[in-house]
Amino acid sequence: MKDFVSFYQDMRYKPVYFILGPQGSGSNLTSNLFIKVFGCEAVRDRSLIFNAAVRIKKGNSSIQKEVDYVIAKLFPNAFNKRFFGGKHYHHQNKNYIGIGQFVSQVPMKSAEDFAYFFYAYHAWKNGHEMIAVKSDDIWENLEHLEDIFANGRYSLLVRDPRANA
């Protein structure tokens, strides 16, 4: 397997597939299909990484500040885990163990570089060559998706109205 820096450089210009849909639209099924059929790594972001990238894109925050924020959310200390848990991102932190050692090795100059860094690490850690991102919470900043990901591909799921009948 390649080292992460080489992997990131190869992945950086490959498409990221976004699975978008409201709850009950089949996004879990679709992400499982991406995994089984296409061999993608399905990152369940819960908009932690994406919203941080939006803050960078808007100029509201620096890349280093957002890297520190995301890593702190993924690996909260005992006090924060107990009293300020909020969204429980840390249950998926196994996919990001060791990421801190690569922060200084990968040049991040944009919101897209920032997001690719985390998504690519998740894929590298699990041995996959494609990235799919599933997030039911991405709607709050959806208008920034194409601004941040120049090479994004989208799977928009709309629930069949007959299922509600």
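How each quantity is defined
Residues numbered from 1 in each chain as written. Predicted model: local features only at pLDDT ≥ 70, side-chain atom pairs only at ≥ 80, totals over all residues. Heavy atoms only, no water. Helix = DSSP H or I, 4+ residues; strand = E, 2+ residues; numbered from the N terminus. Buried < 20%, exposed > 50% of the residue type's maximum accessible area, 1.4 Å probe, protein only. Contact = heavy atoms within 4.5 Å. Arc of directions from axis to C-beta. Patch = residues over 30% accessible without salt bridge, like charges linked within 9 Å, V, L, I, M, F, W, Y side chains within 5 Å. Areas by Shrake-Rupley, 256 points an atom, 1.4 Å probe, with all protein chains shown as cover. Salt bridge = Lys/Arg side-chain N within 4 Å of Asp/Glu carboxyl O. Phe/Tyr/Trp six-rings, centres within 6.5 Å; stacked < 30°, edge-to-face > 60°. Lys NZ or Arg CZ within 6 Å of the ring centre and 35° of its normal.

Notes on the overall build of the chain
In step 1: Per the secondary structure count, the chain includes eight helices and four strands.
In step 2: Along its sequence from the N terminus, the chain presents helices and strands in the succession α-β-α-β-α-α-α-α-β-α-β-α.
In step 3: Considering the chain as a whole, with its 165 residues, one finds that 46% of them fall into the buried category.
In step 4: Contacts in the chain between residues at least 24 apart in sequence constitute 78% of all its contacts with a sequence separation of at least 6.

What about the environment of G152?
In step 1: Among the structural elements, G152 can be located in strand β4 (residues 152–156).
In step 2: Note: C-alpha distance between G152 and Y17 (135 residues apart in sequence) is 5.9 Å.

Examining helix α1 (residues 4–11)
In step 1: Within the sequence span of α1, burial applies to F4, V5, F7, Y8 and M11. Projected down its long axis, α1 carries its buried residues within an arc of 160°, all on one side.
In step 2: In this structure, the buried side of α1 is in contact with α6 (111–125) and β3 (130–134).

Focus: a nonpolar patch on the surface
In step 1: Residues L29, L33, V37 and F38 make up a contiguous nonpolar surface patch of about 420 Å² in total accessible area.
In step 2: Take L33: it is sitting in helix α2 (residues 27–38).
In step 3: A relative accessible area of 43% means that L33 is categorised as partly exposed.

Here we look at the environment of N93
In step 1: Looking at where N93 falls in the secondary structure, it is placed in the loop between α5 (78–83) and α6.
In step 2: A C-alpha to C-alpha distance of 9.1 Å links N93 and I71, two positions 22 residues apart in sequence.
In step 3: Dropping the residues within four chain positions of it, N93 is found in contact with L74 and F75.

A closer look at the packing of aromatic side chains
In step 1: Per the stated rule, a full pass over the model turns up 17 aromatic pairs.
In step 2: For the ring pair F102 and Y121, a centre distance of 5.9 Å and an interplane angle of 45° mean the geometry is tilted. Highlighted residues: F102 in the loop between α5 and α6 and Y121 in helix α6, separated in sequence by 19 residues.
In step 3: Residue F102 is classed as buried on the basis of its relative accessible area, which comes to 10%.
In step 4: Grouped by ring-pair contacts, the aromatic residues F4, Y8, Y96, F102, F114, F117, F118, Y121 and W124 constitute a single cluster.
In step 5: Sitting over the ring of Y13, R12 keeps its end group 5.3 Å from the ring centre.

Remarks on the pattern of salt bridges
In step 1: One pass over the full model with this rule turns up five salt bridges.
In step 2: Here K14 makes a salt bridge to E129, at a shortest N to O gap of 3.6 Å. Within this pair, whereas K14 is found in the loop between α1 and β1 (16–20), its partner E129 is found in the loop between α6 and β3, the two being separated by 115 residues in sequence.
In step 3: Several salt bridges share partner residues, and in doing so they unite R12, E112 and D113 into one network.

Structural measurements only, silent on function.
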